[in-house]
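Single-letter residue listing:
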Amino acid sequence: MDKRGGDVKAAEFNQLYTKYAKRLLYIAYKYTKDLHQAEDIVQESFLKAYKKIHTIEDKTKLGGWLSAITTRTAIDFLRLDKRRNWFLIDDSMLEPLMGGNVYEISTEETVHLRLFKETISLSLENLSKEFQEVLVLKIQYGLKENEIASLLDMKSATVKTRLYRARKLLKQLVGA
């Protein structure tokens, strides 16, 4: 391809960006609940689309194709973020378990809390990927069952079943 052909392709792609950027930003934001992360996802999605634009046969389906790329990129982003911050338990989540304010506990209790966090994290690693996925999206990201179902492209009943089984297995692994 000559230089002029590349310029035409870039100009056409610029038009695609102008036409679909807001829609894709909405999709990405729906998953991340963070505008800056959503913008990064949209940018990454357009980069992926630019590299593979030649593979699309039906140009009338560009919007759906870009939406699918954005959805998958958002899911990948959440999974990567999950791996980076693997099951970080906020102390405020542990307050009810300890029956009081976490910040007013002794050194011994602090050590027990840290050991408990480590036990939970290690136990989670022993769960299957399906169970890890739904449990982390539910606990760490606070998503509802129907949001998890939409994100993972499965039925809400499947998510509820996996959550139930994951919690049950986690309880057995922790020994509670």
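The coordinates are above.
Described in the following lines is the structure provided in the data block.

Rules of the game
- Residues numbered from 1 in each chain as written.
- Predicted model: local features only at pLDDT ≥ 70, side-chain atom pairs only at ≥ 80, totals over all residues.
- Heavy atoms only, no water.
- Phe/Tyr/Trp six-rings, centres within 6.5 Å; stacked < 30°, edge-to-face > 60°.
- Helix = DSSP H or I, 4+ residues; strand = E, 2+ residues; numbered from the N terminus.
- Expected span 1.5 Å × (residues − 1).
- Buried < 20%, exposed > 50% of the residue type's maximum accessible area, 1.4 Å probe, protein only.
- Arc of directions from axis to C-beta.
- Axes fitted to C-alpha atoms, helices over the stretch in contact; angles between N-to-C directions.
- Parallel < 35°, antiparallel > 145°, perpendicular 65-115°, else oblique.
- Contact = heavy atoms within 4.5 Å.
- Nonpolar A, V, L, I, M, F, W, Y, C, P; charged D, E, K, R; others polar.

What follows deals with the packing of aromatic side chains. Scanning the model with the defined rule gives 1 aromatic pair in all. Here the aromatic rings of Tyr17 and Phe46 are separated by 4.7 Å at their centres, their planes lie at 55°, and the arrangement is tilted. With Tyr17 in helix 1 (residues 3-32) and Phe46 in helix 2 (residues 35-52), the pair connects residues that are 29 residues apart, well separated along the chain.

Its 19 residues place the ends of helix 5 (residues 107-125) 27 Å apart at the C-alpha level, agreeing with the 27 Å of an ideal helix rising 1.5 Å per residue. When helix 5 is considered as a whole, its buried residues turn out to be Leu113, Ile120, Ser121, Ser123 and Leu124. Mapping the buried residues of helix 5 onto a view down its axis gives an arc of 165°, with all of them on the same face. Residues of helix 5 that are exposed and point more than 90 degrees away from the buried face comprise Thr107, Glu108, Arg114 and Leu122.

Here the focus is the packing of helix 6 (residues 129-139) against helix 8 (residues 156-174). Between helix 6 and helix 8, whose axes approach to 9 Å, the crossing angle comes to 95°. The orientation of helix 6 relative to helix 8 falls into the category roughly perpendicular. Contact with helix 6, carried on its side by Glu130, Phe131, Val134, Leu135 and Lys138, involves Val159, Arg162, Leu163, Arg165, Ala166, Arg167, Leu169 and Leu170 of helix 8 and no other residues of that element. Looking at the contact of helix 6 with helix 8 residue by residue, the class counts come to 8 nonpolar, no polar and 5 charged.

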